[in-house]
Amino acid sequence: DGVTLNDSLTTSGALTINADSDAGDGLGTFTVAAGVTVSTQSNVLDITTNDLDIFGSVSSGSASTTIQDSDGGGIGLGDATIVGGLNLSIVDLQDFTANGLTVTTAGNVDVDNMSQPNTITGITTINAVGVASTVSFFNNASSFNSVAVNASDGVAFDAGLSTNVGGININADV
């Protein structure tokens, strides 16, 4: 399980990486070694993984990047941690360059103290699309350029949410 890049990878089209194709075990990690660059040259980048170890740089340029939780264990954003889930801190995402970021899981999404990195422009879309999946903002306020939040079973706000460029779109029953 896992995809490890120890040398640079450049595409002239869309790039799809599935680091955990057997999804049930949750062992697939997408790793980019130090000094390594992944570039789609402004084409779409789709990553399915259970964990990220990014020491180099990952760029979809003026196109969007999607990161999907491979096993549906949930996604923790910012300081939020979901045991067994895909946890994406500001540090994890600071080496990504994209015009739009989408994170998707069949589990829940917890958001705590998340600030969209400057290298990710455009809208951040948060999708919790399982049968009873929720998105929860808690503990500390979070901020994005603009954000769309989609959940199948509700969105809870126990901490602030703000945008610094665009709007907020919330759909609590997808």
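In what follows, the accompanying structure is described.

What counts, and at which threshold
Throughout this description, residue numbers start from 1 for each chain and increase along the sequence as written. Under the rules for a predicted model, residues below a pLDDT of 70 receive no local features and side-chain atom pairs below 80 are neither given nor counted, while totals for whole chains, interfaces and linings still include all residues. In computing side-chain properties, one takes all heavy atoms of the structure into account and sets aside hydrogens as well as water. A run of H or I in DSSP becomes a helix once it reaches four residues, and a run of E becomes a strand once it reaches two; helices and strands are each numbered from the N terminus. Between the two quantities, the radius of gyration covers C-alpha atoms and the globule rule is 2.2 Å times the number of residues to the power 0.38. The buried label goes to any residue with under 20% of its type's maximum accessible area, the exposed label to any with over 50%, and the partly exposed label to all in between, with areas taken from a 1.4 Å probe on protein chains only. A contact between two residues is defined here by any heavy atoms of the two lying within 4.5 Å. Shrake-Rupley sampling with a 1.4 Å probe provides the accessible areas, and residues are treated as covered by the protein chains on show and by no other component. Only strands joined by at least two bridges in the DSSP assignment are considered to pair. In summary, the pairing rule links any two rings of Phe, Tyr or Trp, Trp by its six-membered ring, whose centres are within 6.5 Å, and it sorts them by plane angle into stacked for under 30 degrees, edge-to-face for over 60 and tilted for everything else.

A tally of helices and strands in the protein chain yields one helix and 20 strands. Relative to the compact-globule value of 16 Å for 174 residues, the protein chain shows a C-alpha radius of gyration of 15 Å, a close match. Every one of the 174 residues in the protein chain was classed for burial, and the buried ones make up 48%. In the protein chain, once contacts between residues fewer than 6 apart in sequence are set aside, the share between residues at least 24 apart is 47%. Summing over all exposed atoms, the protein chain offers an accessible surface of approximately 7300 Å²; the carbon and sulfur share of this is 46%.

Structurally, Ala33 can be placed in the loop between strand S4 (29–32) and strand S5 (37–39). When its relative accessible area of 16% is taken as the criterion, Ala33 is described as buried. Separated by 76 residues in sequence, Ala33 and Val109 have C-alpha atoms that sit 27 Å apart. Residues contacting Ala33, with those up to four places away along its chain left out, are Leu5, Asn6, Phe55 and Gly56.

Turning next to the pairing of strand S7 (residues 51–54). Because side chains alternate across S7, one face comprises the buried residues Leu52 and Ile54, and the other comprises Asp51 and Asp53, none of which is buried. Pairing geometry for S4 and S7, over four bridges, is parallel. By the bridge assignment for S7, Phe30 is matched with Leu52.

The next point concerns the packing of aromatic side chains. To describe a pair of aromatic rings, one takes the distance between the centres and the angle between the planes. Under the criterion given, the structure shown has one aromatic pair. Residues Phe137 and Phe157 carry aromatic rings whose centres are separated by 5.0 Å and whose planes lie at 5° to one another, so their mutual orientation is stacked. Placement of Phe137 in strand S15 (residues 135–137) and of Phe157 in strand S18 (residues 155–157) is noted, with a sequence separation of 20 residues between them.

One non-glycine residue, Gln41, lies in the positive phi region at around 50°. Relative to the helices and strands, Gln41 is located in the loop between S5 and strand S6 (45–49). Among the residues examined, Gln41 registers a relative accessible area of 47% and is labelled partly exposed. Within the chain, Asn139 stands out as a residue other than glycine whose phi angle is a positive 60°. Structurally, Asn139 is set in the loop between S15 and strand S16 (142–144).

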